[in-house]
Amino acid sequence: MLFMDTFAHIRPYQDNEVQVVLQRLLKEPELRDALVRFRFANCPKWLRRPLAWGLSFHLKRRVAGIRTVRDFQRQLEPFIQHMIETSTTGLTVKGLEQLDLSQPCLFISNHRDIALDPAFVSWALHLKGQDTVRIAIGDNLLTKSWVSDLMRLNKSFIVKRSASSKKEKLQVSKELSAYIHHSLVAENAHIWIAQREGRAKDGVDKTNPAIISMLMLNKPKEQDFAAYLAQLRIVPVAIGYEYDPCDLAKANELHQQALTGQYEKQDHEDVASISRGITGYKGKVVLCFGQVIQGDAFASARQVADEIDRQIHTLYPDMITTRLAAEKLGMQPCAIDNGVSRNTLEQERNRFEQRLNSVPDDVRQRVLAMYAAPLLPRSPSLHE
């Protein structure tokens, strides 16, 4: 506990802090309103105020019985189940049964959605009777105190991206590396981090070797690289969404960067993206878990990053929207009728067309490229 306290400013909340934080959250009208919009999305706006008061009363009763982080996460289960039932056509999990989950894993996934990528990994573990992951989250996302409280209650730990000087960045990275190693080795806790800082807005999944270098900062000088890597038990995870609720927002950001060389985020824009990702239609969602990266063949951060990329690209699920987008862009090969009936194919094509109809002409190509991007590593001809 004394060692853990050295990470008090970045770690998730502990059981003895849960009630204090929950009482603070109950006083946040923005959180209450967001829950009403999510839970009662189809209700008329004039009903939202009375629903908010009713929800507030209900939450006070529910919160009174929450004493631990696990208690809190159990309360979230119906919301996650509701999200899966109302905004997806199903969640498929592959490869998890091949892992030895009695040992902690450091799951490193591609990054498409701020909140849902780690949430789906946690849900898959939960369905297997496993404890959920501790989640790396950048402090740039914690623009509101209630968002920070909510995230840390849900086992998120803070990555200080706001560090400015070289010295401060190195210190922050060393602390983060030590915390992740401590969580895995001393506390037997599963961890989730993204393969790069920020979402892959262009759909290109590429691991930043700096992430691996950060993980290695806690390695004792006398310890072999491969031996320390084995302790981390890195498992690549490929996450695929048939539809991205934030596709237009991502494309607009890329478009503005291309036009002006920069993009200025609006206040609390990331919070809005989290909400849109949770409530928006996602179609089919697939999680594919890879194999633990270990062995003497890995002696550098670059080699580990390349292996993560190899596994993610190999595991990435075959989505019909990926092939429809490739078809629109004239990429080859893009056979999209393999195993799909003609009626189903036409329905999916019509659905995709309707999605594109809502996309302005100046960013449509970017949206198509975003959806088609997963095909690029599989076929060199698509790069032409």
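The structure this text deals with has already been given above.
Quantities reported herein were computed from a predicted structural model and do not represent experimental measurements.

1. Some points on the pattern of salt bridges
Phase 1 of the analysis: Evaluation of the coordinates by the stated rule reveals 20 salt bridges.
Phase 2 of the analysis: A salt bridge links Lys201 to Glu253, with the nearest nitrogen and oxygen atoms 3.7 Å apart. Residue Lys201 is located in the loop between β5 (191–194) and α9 (209–215), and its partner Glu253 is located in helix α11 (residues 247–260); the two are separated by 52 residues in the primary sequence.
Phase 3 of the analysis: Classification of Lys201 by relative accessible area gives buried; the value is 14%.
Phase 4 of the analysis: Look at Glu253 and you get buried, because its relative accessible area is 8%.
Phase 5 of the analysis: Each of Arg70, Asp131 and Lys155 takes part in one network of salt bridges that share partners.

2. What about the nonpolar core?
General note: in soluble globular proteins, nonpolar side chains tend to be found buried as a group.
Phase 1 of the analysis: Of all hydrophobic cores here, the largest spans 58 residues; its most connected members are Leu106, Ile180, Ile193, Leu215, Ile234 and Val304.
Phase 2 of the analysis: Beyond its immediate chain neighbours, meaning those up to four positions away, Leu106 contacts Ile180, Leu184, Ile191, Ile193, Leu215, Leu232, Arg233, Ile234 and Val235.
Phase 3 of the analysis: One finds Ile84, Phe120, Ile239 and Val285 within the second-largest nonpolar core, a separate group that totals 25 residues.

3. Comments concerning helix α13 (residues 301–315)
Residues three or four positions apart in an α-helix share a direction because the helix packs 3.6 residues into each turn.
Phase 1 of the analysis: Given a rise of 1.5 Å per residue, 15 residues ought to cover 21 Å, and the 21 Å separating the end C-alpha atoms of α13 matches this to within 8%.
Phase 2 of the analysis: Those residues of α13 not exposed but buried are Ala301, Val304, Ala305, Glu307, Ile308, Asp309, Gln311 and Ile312.
Phase 3 of the analysis: The elements touched by buried residues of α13 are β2 (106–109), α9, α10 (225–232) and β6 (234–241).

4. Examining unusual backbone geometry
Phase 1 of the analysis: Not every positive phi belongs to a glycine, and Lys155 is a case in point at roughly 70 degrees.
Phase 2 of the analysis: Along the chain, the position of Lys155 falls in the loop between α7 (145–153) and β4 (156–159).
Phase 3 of the analysis: When its relative accessible area of 11% is taken as the criterion, Lys155 is described as buried.
Phase 4 of the analysis: Within the chain, Asn188 stands out as a residue other than glycine whose phi angle is a positive 55 degrees.

5. A look at the packing of α11 against helix α16 (residues 361–372)
Phase 1 of the analysis: Two elements in contact, α11 and α16, have axes separated by 9 Å at closest approach and are oriented at 115 degrees. The handedness of the crossing between α11 and α16 comes out as right-handed. Side by side, α11 and α16 meet where Asp247, Leu248, Lys250, Ala251, Asn252, Leu254, His255 and Ala258 of the first sit next to Asp362, Val363, Arg366, Val367, Met370 and Tyr371 of the second.
Phase 2 of the analysis: Per-class residue counts for the contact of α11 with α16 are eight nonpolar, two polar and four charged.

6. Quick look at the sheet that holds β6
Phase 1 of the analysis: Strand order across the open sheet formed by seven strands is β1-β7-β6-β2-β5-β3-β4, with mixed pairing between neighbours. This sheet does not close on itself; its edge strands, each paired only once, are β1 (88–94) and β4. Ignoring which end each strand starts from, the neighbouring axes of this sheet average 25 degrees apart.
Phase 2 of the analysis: Sheet topology places strand β3 (residues 134–138) next to β5; two bridges connect them, and they run parallel.

Definitions and cut-offs
- Residues numbered from 1 in each chain as written.
- Predicted model: local features only at pLDDT ≥ 70, side-chain atom pairs only at ≥ 80, totals over all residues.
- Heavy atoms only, no water.
- Salt bridge = Lys/Arg side-chain N within 4 Å of Asp/Glu carboxyl O.
- Helix = DSSP H or I, 4+ residues; strand = E, 2+ residues; numbered from the N terminus.
- Buried < 20%, exposed > 50% of the residue type's maximum accessible area, 1.4 Å probe, protein only.
- Core = buried A, V, L, I, M, F, W, Y, C linked by side-chain atoms within 4.5 Å.
- Contact = heavy atoms within 4.5 Å.
- Expected span 1.5 Å × (residues − 1).
- Axes fitted to C-alpha atoms, helices over the stretch in contact; angles between N-to-C directions.
- Left-handed = near helix turned anticlockwise from the far one by under 90°.
- Nonpolar A, V, L, I, M, F, W, Y, C, P; charged D, E, K, R; others polar.
- Pairing = 2+ DSSP bridges.

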